[in-house]
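# Structure at a glance
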Amino acid sequence: MTATTSARFDHRSLAAKLASAPVIAPLTAVLIGAAGVAALFSVTGGSMEPYAMRHVARLVAGFAVVIVIAVLPLRFWLGLAYPAYALLLAALAAVPYFGNEALGAQRWLTLGPLSFQPAEPMKVALVLALARYLQGVPANAMSHWAHVATALLMILVPAALILAQPDLGTAILVAAIGLTVLFCAGTSFWYLAAGVAGAAAVVPLSWDYLHDYQQRRVLVFLDPEADPLGMGYQITQAKIALGAGGLTGRGLLHGTQSQLDFVPEKHTDFIFALIAEETGFIGGAILICLFGVLLFSLIGMGLRCRSLFCRLVCVGVATTLFLHVTVNLGMVMGALPVVGVPLPLVSYGGTSLLATLAGLGLAMNAFVHRRQRLRAGELGLLLR
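Described below are features of the structure shown in this document. What you see is a predicted model; the values in this text were computed from it and never measured.

For the chain, the helix and strand inventory stands at 15 helices and 3 strands. Considering the chain as a whole, with its 384 residues, one finds that 47% of them fall into the buried category. Across the chain, contacts joining residues at least 24 apart in sequence account for 71% of those joining residues at least 6 apart.

Put into structure tokens, the structure is as follows:
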């Protein structure tokens, strides 16, 4: 009886062990990235230039970054948490003065030959800084108003700077990521419930403060047929592409909606519409399942960490992935307004891709140091 029970227990825990195995997350990320390369190859009608080859180069560089981040000592990331957050906060503050304007918004900074969007790495830096701060808070004081207020300030300042660009979608994502980390650290549920209720109460009052294009996006989301050739065009064409794919898809390079350029931004925000049309429901479902495997791998890795810092890093990275995938797919399917959120590891874009892989590297680093215990009073000694 004992042997049978033990065998059953081992069998039931096999899924949990596999989900938290260190090789599962990077392997799954490679497969998702490969799907992105195939989709970008199709975007250009069967050419690796200009999108697919650059995506491959960024993936190779990004996974090299993952390895470097994963093997560095834990004290390095504890020490870098606040400086990285402050540096990116300064970058966000500089965007309105030195940023490049595109599509009515200033979101990019140019440093020599490089151009990047500070809001993307800020998501990772916020997770790292919050985990560092909350690690230093005693467990019995996690819900003290002073600690909660400090953490909320760390969340709201970058969210406000991103909102001023203006980038409402990314600002909401940053706030949601930070609040999730705060909640998982053990903060009282009532603080978060009060914050959500307050935000919900402010939403109707904020309508007049939205830009015209943001108001139109909300109205088109509620009724896409109201502007079928304008703001509603993207949603309408994406839905047609999703339906045209059927069960098995039209085949690589044979999607009519995507290949004939009916779907706008098919290499960035609406790349899933191309994938679903050319690979069908089966291909789209496989890609979503891969994201699910990656998500549960990150959560499983976090659950095996002893320190709060490492657990929160894994939770924050998993939350970032979950929100990006959910918002992007909801946007393409017409279930959410169009807010310009890329599909992680799949959409074309260097800043988003490298930020995602940097987050994966931090989660891997947390897992590597999962047995290391940290206490609030020991952080100063650890950082010496």
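On the surface, a cluster of positive charge is contributed by R304, R306, R371 and R373. Locating R373 in the fold gives a position in the loop between α14 (350–368) and α15 (379–382).

Okay, the nonpolar core next. Core analysis: the biggest nonpolar cluster contains 100 residues, and F309, L343 and L360 have the highest contact counts within it. Residues within four places of L343 in sequence aside, it is in contact with I271, F272, L287, F291, V325, N328 and L329.

Time to look at the state of the cysteines. Scanning all chains against the criterion turns up 0 disulfides. We note that C310 lacks a disulfide partner, and the nearest cysteine sulfur, in C305, lies 4.9 Å from it. The thiol of C314 is unpaired, and the distance to the nearest cysteine sulfur, on C305, comes to 4.4 Å. When its relative accessible area of 1% is taken as the criterion, C314 is described as buried.

Right, let's talk about the environment of R107 for a bit. Among the structural elements, R107 can be located in strand β2 (residues 105–111). Residue class for R107 comes out buried when judged on its relative accessible area of 19%. C-alpha separation for the pair R107 and D167, spaced 60 residues apart in sequence, amounts to 8.0 Å.

A few words now on helix α12 (residues 271–303). Its 33 residues give α12 an end-to-end C-alpha distance of only 33 Å, which falls more than 12% under 48 Å, the value for a rise of 1.5 Å per residue. Most pronounced at G280, the bend in α12 amounts to some 125 degrees.

This part is about the packing of aromatic side chains. Throughout the structure, instances matching the rule amount to 4 aromatic pairs. Look at F76 and W77: their rings are 4.9 Å apart centre to centre, the planes differ by 85 degrees, and that puts the pair in the edge-to-face class. The buried category is assigned to W77, whose relative accessible area is 10%. An aromatic cluster is built from F183, F189 and W190, whose rings are joined through pairwise contacts.

Within this structure, the stated rule accounts for 2 salt bridges. Note that K123 is salt-bridged to E120, the shortest N-O span being 3.2 Å. With K123 and E120 both in helix α5 (residues 119–135) and 3 residues apart, this pair spans about one turn of that helix. By relative accessible area, E120 is classed as buried at 7%.

Glancing now at helix α3 (residues 51–71). Counted at 1.5 Å a residue, the expected span for α3 with its 21 residues is 30 Å, and the 30 Å between its end C-alpha atoms agrees. Restricting attention to buried positions, one finds in α3 the residues A52, H55, L59, G62, F63, V66, I69 and A70. All buried residues of α3 project into a common sector of 120 degrees when viewed along the axis, lining one side. Counted as exposed and oriented over 90 degrees from the buried face of α3: V60, I67 and V71. Elements that come into contact with the buried residues of α3 comprise α2 (24–43), α4 (74–98) and α14.

On to unusual backbone geometry, then. With an omega dihedral of 0 degrees, the bond running from E49 to P50 counts as a cis peptide bond. Tracing the backbone through its elements, the reader meets P50 in the loop between α2 and α3. With phi around 75 degrees, L253 is a residue other than glycine that occupies positive phi space. Mapped onto the elements, L253 comes out in the loop between α10 (233–244) and α11 (256–259). Residue L253 is classed as partly exposed on the basis of its relative accessible area of 31%.

Definitions and limits used
Residues numbered from 1 in each chain as written. Predicted model: local features only at pLDDT ≥ 70, side-chain atom pairs only at ≥ 80, totals over all residues. Heavy atoms only, no water. Helix = DSSP H or I, 4+ residues; strand = E, 2+ residues; numbered from the N terminus. Buried < 20%, exposed > 50% of the residue type's maximum accessible area, 1.4 Å probe, protein only. Contact = heavy atoms within 4.5 Å. Patch = residues over 30% accessible without salt bridge, like charges linked within 9 Å, V, L, I, M, F, W, Y side chains within 5 Å. Areas by Shrake-Rupley, 256 points an atom, 1.4 Å probe, with all protein chains shown as cover. Salt bridge = Lys/Arg side-chain N within 4 Å of Asp/Glu carboxyl O. Lys, Arg positive; Asp, Glu negative; His and termini not counted. Charge placed at Lys NZ, Arg CZ, Asp CG, Glu CD. Core = buried A, V, L, I, M, F, W, Y, C linked by side-chain atoms within 4.5 Å. Disulfide = S-S within 2.5 Å. Expected span 1.5 Å × (residues − 1). Bend = angle between axes of the 7 residues up to and from the residue. Phe/Tyr/Trp six-rings, centres within 6.5 Å; stacked < 30°, edge-to-face > 60°. Arc of directions from axis to C-beta.

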